[in-house]
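Descriptive analysis of the structure
Read off the chains here:
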There are 2 protein chains.
Amino acid sequence: MGPGPVNADPRVLRAMSAQLIGQYDPAMTAYMNETMELYRGVFRTSNAATLLVDGTSRAGIEAAIVSLVAPGDRVLVPIFGRFGHLLAEIAGRAGAEVHTREIEWGGVFTSAAIEQAIVEVKPALLAVVHGDTSTTVAQPLDELGEICERHGVLFYTDVTASLGGNAFEMDAWGLDAATAGLQKCLGGPSGSSPISLSPKAVARIEARKSVEAGIRAEGDAVRDDPIRSNYFDLAMILDYWGEKRLNHHTEATSMLYGARECARLLVEEGMDAAIERHRLHGAAMAQGVAALGLRIFGDRAHRMNNVVGVFIPDGVDGDRVRTALLEDFAIEIGTSFGPLHGKIWRIGTMGFNARKDAVLTTLAALEQVLRAEGHRLTAGAGVGAARDVYAEAVA
Amino acid sequence: MGPGPVNADPRVLRAMSAQLIGQYDPAMTAYMNETMELYRGVFRTSNAATLLVDGTSRAGIEAAIVSLVAPGDRVLVPIFGRFGHLLAEIAGRAGAEVHTREIEWGGVFTSAAIEQAIVEVKPALLAVVHGDTSTTVAQPLDELGEICERHGVLFYTDVTASLGGNAFEMDAWGLDAATAGLQKCLGGPSGSSPISLSPKAVARIEARKSVEAGIRAEGDAVRDDPIRSNYFDLAMILDYWGEKRLNHHTEATSMLYGARECARLLVEEGMDAAIERHRLHGAAMAQGVAALGLRIFGDRAHRMNNVVGVFIPDGVDGDRVRTALLEDFAIEIGTSFGPLHGKIWRIGTMGFNARKDAVLTTLAALEQVLRAEGHRLTAGAGVGAARDVYAEAVA
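What you are looking at is a predicted structure, and each value in this text was computed from that prediction instead of being measured.

With respect to the packing of aromatic side chains
A complete count under the given rule lists 17 aromatic pairs over all chains for this structure. Ring centres of Tyr231 of chain A and Phe232 of chain A lie 5.3 Å apart, and the angle between their planes is 70 degrees; this geometry places the pair in the edge-to-face category. The class of Phe232 of chain A is buried, set by a relative accessible area of 0%. Members of the aromatic cluster, joined through ring pairs, are Tyr231 and Phe232 of chain A together with Tyr231 and Phe232 of chain B. Lying over the aromatic face of Phe83 of chain A, Arg82 of chain A brings its terminal NZ or CZ to 4.8 Å of the ring centre. Sitting above the plane of the Phe352 of chain B ring, Arg355 of chain B keeps its charged end 4.6 Å from the centroid.

Brief notes about the UniProt feature "domain: Aminotransferase class V" (unreviewed entry) in chain A
The UniProt record annotates "domain: Aminotransferase class V" (unreviewed entry) at residues 27–334 of chain A. Secondary structure content for residues 27–334 of chain A is 41% helix and 14% strand, while the C-alpha to C-alpha distance between its ends is 40 Å.

Quick word on the side chain of Ser198 of chain A
All names here are of chain A. If you trace the backbone, Ser198 turns up in the loop between strand S9 (193–197) and helix H7 (199–206). By relative accessible area, Ser198 is classed as buried at 7%. If we skip the residues at most four places from it in the chain, Ser198 touches Asn47, Leu175 and Asp176.

Let's talk about the confidence of the model for chain A
Across chain A, pLDDT averages 96, with 100% of residues at or above 70. Among the prediction metrics, the complex's ipTM stands at 0.95, with pTM recorded as 0.96.

Quick notes on the pattern of salt bridges
Within the structure shown, the criterion is met by 50 salt bridges over all chains. Residues Arg101 of chain A and Glu120 of chain A are paired through a salt bridge, measuring 2.7 Å at the closest nitrogen-oxygen approach. With Arg101 of chain A in strand S3 (residues 97–102) and Glu120 of chain A in helix H5 (residues 111–121), this residue pair connects regions lying 19 residues apart in the sequence. One salt bridge in this structure joins Arg40 of chain B and Glu37 of chain B, with 2.7 Å as the shortest N-O distance. With Arg40 of chain B and Glu37 of chain B both in helix H2 (residues 26–43) and three residues apart, the pair spans about one turn of that helix. The class for Arg40 of chain B is buried, based on a relative accessible area of 17%. Each member of the salt-bridge network shares a partner with another, and the members are Arg11, Glu261, Arg264 and Glu268 of chain A.

A word on the relation of the copies chain B and chain A
After a rotation of 180 degrees and a shift along the axis of 0.0 Å, chain B superposes on chain A with an RMSD of 0.0 Å. The transformation just described matches what one would write down for a two-fold rotation axis. For chain B, the smallest separation between a C-alpha atom and the rotation axis is recorded for Gly55 of chain B, amounting to 2.4 Å. Comparing contact sets, 100% of the residues at the interface of chain B also lie at the interface in chain A, consistent with an isologous, same-surface contact.

Description of the sheet that holds strand S2 (residues 74–79) of chain A
Residues and elements named next belong to chain A. One open sheet holds the seven strands; their spatial order is S1-S9-S8-S7-S4-S2-S3, and the pairing between them is mixed. In this open sheet, the two strands that pair with only one neighbour each are strand S1 (49–53) and S3. Within this sheet the neighbouring strands show an average axis-to-axis angle of 20 degrees, counted without direction. Pairing geometry for S2 and S3, over six bridges, is parallel. The partner of Pro78 across the bridge, within S3, is Arg101. Sheet strands in contact with helix H2 (residues 26–43) are S1, strand S8 (177–179) and S9, and its direction is about 105 degrees off that of S1.

What to know about the domain arrangement of chain A
Residue and element names in this part refer to chain A. Here chain A is described as being made up of domain 1 (10–267) and domain 2 (271–394). Around 2,100 Å² of area is buried between domain 1 and domain 2 when both sides are counted, 66% of it from carbon and sulfur atoms. The largest per-residue losses of area from domain 1 upon contact with domain 2 belong to Trp105, Thr136 and Asn166, which jointly make up 26% of the total buried on that side. Linking domain 1 with domain 2 are one salt bridge, by the criterion used here. Counting across the domain 1 and domain 2 interface gives 11 residue pairs in polar contact (both at pLDDT 80 or more). The residue makeup of the side of domain 1 that touches domain 2, split by class, is 12 nonpolar, 13 polar and four charged.

Here we look at the nonpolar core
Among the nonpolar cores identified, the biggest contains 184 residues, and Tyr39 and Phe168 of chain A together with Tyr39 and Phe168 of chain B are the most heavily contacted of them. Aside from chain neighbours lying at most four places away, what touches Phe168 of chain A is Phe43, Arg44, His130, Leu141, Thr157, Val159, Leu163, Trp173, Leu175 and Ala178 of chain A.

Considering the sheet that holds strand S7 (residues 154–158) of chain B
Residue and element names in this part refer to chain B. Taken together, seven strands build an open sheet; the order of strands is S1-S9-S8-S7-S4-S2-S3 and the sheet is mixed. At either end of the open sheet lies a strand with only one pairing partner, and these are strand S1 (49–53) and strand S3 (97–102). Across the sheet, the mean angle separating the axes of adjacent strands is 20 degrees when strand polarity is ignored. Alignment of S7 against strand S8 (residues 177–179), held across three bridges, turns out to be parallel. Residue pairing for S8: Thr157 is matched across the bridge by Ala178.

So, the UniProt feature "modified residue: N6-(pyridoxal phosphate)lysine" (unreviewed entry) in chain A
Residue and element names in this part refer to chain A. The residues that UniProt annotates with the feature "modified residue: N6-(pyridoxal phosphate)lysine" (unreviewed entry) are Lys184. Mapping Lys184 onto the fold places it in the loop between S8 and S9. Here Lys184 falls in the buried class, since its relative accessible area comes to 8%. When near neighbours in sequence (up to four residues on either side) are disregarded, Lys184 contacts Pro3, Gly4, Val6, Thr133, Thr160, Ala161, Met350 and Gly351. At 2.7 Å, the side chain of Lys184 and the backbone oxygen of Pro3 are in polar contact.

Comments concerning unusual backbone geometry
Along the chain, Gly4 of chain A connects to Pro5 of chain A via a cis peptide bond; the corresponding omega equals 5 degrees. Position of Pro5 of chain A relative to the elements: it lies in the segment before helix H1 (10–16). Within the chain, Thr136 of chain B stands out as a residue other than glycine whose phi angle is a positive 70 degrees.

Here we look at the interface of chain B and chain A
With 58 residues of chain B at the interface, the matching set in chain A holds 58 residues. Around 4,600 Å² of area is buried between chain B and chain A when both sides are counted, 54% of it from carbon and sulfur atoms. The tally of links between chain B and chain A comes to six salt bridges. With a closest N to O distance of 3.1 Å, Arg82 of chain A and Glu212 of chain B form a salt bridge. There are 34 residue pairs in polar contact (both at pLDDT 80 or more) connecting chain B and chain A.

Criteria and cut-off values
- Residues numbered from 1 in each chain as written.
- Chains lettered and ligands numbered in written order.
- Predicted model: local features only at pLDDT ≥ 70, side-chain atom pairs only at ≥ 80, totals over all residues.
- Heavy atoms only, no water.
- Phe/Tyr/Trp six-rings, centres within 6.5 Å; stacked < 30°, edge-to-face > 60°.
- Buried < 20%, exposed > 50% of the residue type's maximum accessible area, 1.4 Å probe, protein only.
- Lys NZ or Arg CZ within 6 Å of the ring centre and 35° of its normal.
- UniProt positions renumbered as here; feature names shortened; annotations may be inferred.
- Helix = DSSP H or I, 4+ residues; strand = E, 2+ residues; numbered from the N terminus.
- Contact = heavy atoms within 4.5 Å.
- pLDDT = per-residue confidence, 0-100.
- Salt bridge = Lys/Arg side-chain N within 4 Å of Asp/Glu carboxyl O.
- Least-squares fit on C-alpha atoms with pLDDT ≥ 70 in both.
- Pairing = 2+ DSSP bridges.
- Axes fitted to C-alpha atoms, helices over the stretch in contact; angles between N-to-C directions.
- Domains from an automatic or database assignment.
- Buried area = accessible area lost by both parts, 1.4 Å probe.
- Polar contact = N/O pair within 3.5 Å; in protein donor to acceptor, adjacent residues only side chain to side chain.
- Nonpolar A, V, L, I, M, F, W, Y, C, P; charged D, E, K, R; others polar.
- Core = buried A, V, L, I, M, F, W, Y, C linked by side-chain atoms within 4.5 Å.

Printed below as a string of structure tokens:
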């Protein structure tokens, strides 16, 4: 019940245990095409360029940035948590001229503040995290696409922590690039990064294309200043996933099976239903911990559905509570990074763990552990408050 | 029965279907430590820095090169197949001054030729493929470590295609870095890249270390010219796998389970026994195809145990044969790249498929398909010749 990775859905694990097939087997390429179509549903997009990057969510981020950003390009990163720092870090290593804006962890930027920064910086790319698990809040993105469009800026977000558990509309919000991971609300293991690119983003990437020597054919593009990474060169990866089936990496077959099943689960459930499920169990958890006398962290209006930050109360040893939960109840919760390390716990309700029994069991165990720490609470209050949330939802 | 990926060992697939655990769960970190130790056995090394890169084998290559090579460093790449071009390509994108030497596909370099090139180029790094599946031959490496040592050159090889099926001695041969993948002789799916680094390589990488802003603590290294990739920054990845457990990517749990099981299989069997198994089944396949009247490609003295290249005979449609094998017999074989595309087939006997029944079934099916193509052959000759190899091994 931490901020992720969390337990995978058993259907995903079963899918991953299927025997391998060759990378150009028609069954395999059909799975790849199906996976692209399924993720269009998950991202809510009609982007043809919707595919997997073979690595963890951080691999998807680096692929998007290193492919979109040429050395010297200006990139604007509004930072409201640990993963904003990561986007800035990755853009810097890609050779970008990085400009950041920072606010205190726990809050989000206004659209006006971001537009103001765009006017000041005139970036080629706006790179912003959607939900930052380090602070448990999600940056509203719905007004930023129009702003980026007006200023001629490409608009990229990482939705690893939020996708599937919180509203996200790739096309309606005007995103040019989005990257994700399986290990949060998608109910899978880390190791595959779904990614989607708008036609405008694809055009930018295709203009930088340079086909590697080992497989280059006559007429193929060659440039002196190729994308700085071969593994993350989305121009070549698009040719591997596209009609050309041009050899690049060897697609990670088992992870593809898993990523496909994650998307099938969400699409079968319906994206709206999945988001409502995360809202419900997240609300039950939040009400439950509050009723145990714990104070919730962060801007409540922008809290993510799938993770709640909780201040560690005075006189309670945060690490000892986490260890007791893990060792005595086999339940994992997290702490956070940087300014929040040791100050808050992060409790997740996402993917396969966005379930009533998981929420109530966690609250029951947490009550026992907090009591042993000498924290004052009303017996049964946590589970009771969560039950009230569920009762209301049924009524 | 292609050049890989091939069928995974069922034990690996079962291991991958285990439920996930948190990345800092003591059980998980214990698995990580176990996996490091197992791969020391597979690489035949005492290198502490033996771990997984989360991506396909190409990710391991890029991680090694981008971490070892600073922009402007000279890198020497002897090219004898498609994957030599890949090493040169990746080094070029990492900003290296790349020098190549090329020979015709199918042969290998003499140690003297490589030493001569080292004297001419004075590289910081020698990067050479061990077994290049595109040509089915393996470059002898046993004399190159001493040469590199003498000239002050770091020595890196990619053993994706060869490891586990051909002799490889990381320490005895004086390697500073080696990278691999699971999808060949290791019997797993692609998506995780085992890698090992000598203390000298680690020192080079540590000297380039720069800890990212989101997790930086006082006293941590910060540099203006960090390693050009965050995802492939082995200095940070070493801190994630090491005592510090400094957050970097989220380890791909299911792939770790799979990679660990691949190494357990090999270590239980014994590396020498695994290599002998690949030699035996590879010899049976080679004798079998020769007895079907097919001519074997490449320098026979340096042929890899686990894949054999076969000239497509005149008058036979290579793609039609591959399609018939796949559709009528569910057996996949490969063709090759570049100058060999459409000229040879590549038939693998590796990992879980280095088995007598797999070899005999493939030869029986190939006989039927070749007969339908009008290729002249002696009925039963292929299976018979393979049987002779097995009988000799028992005798």
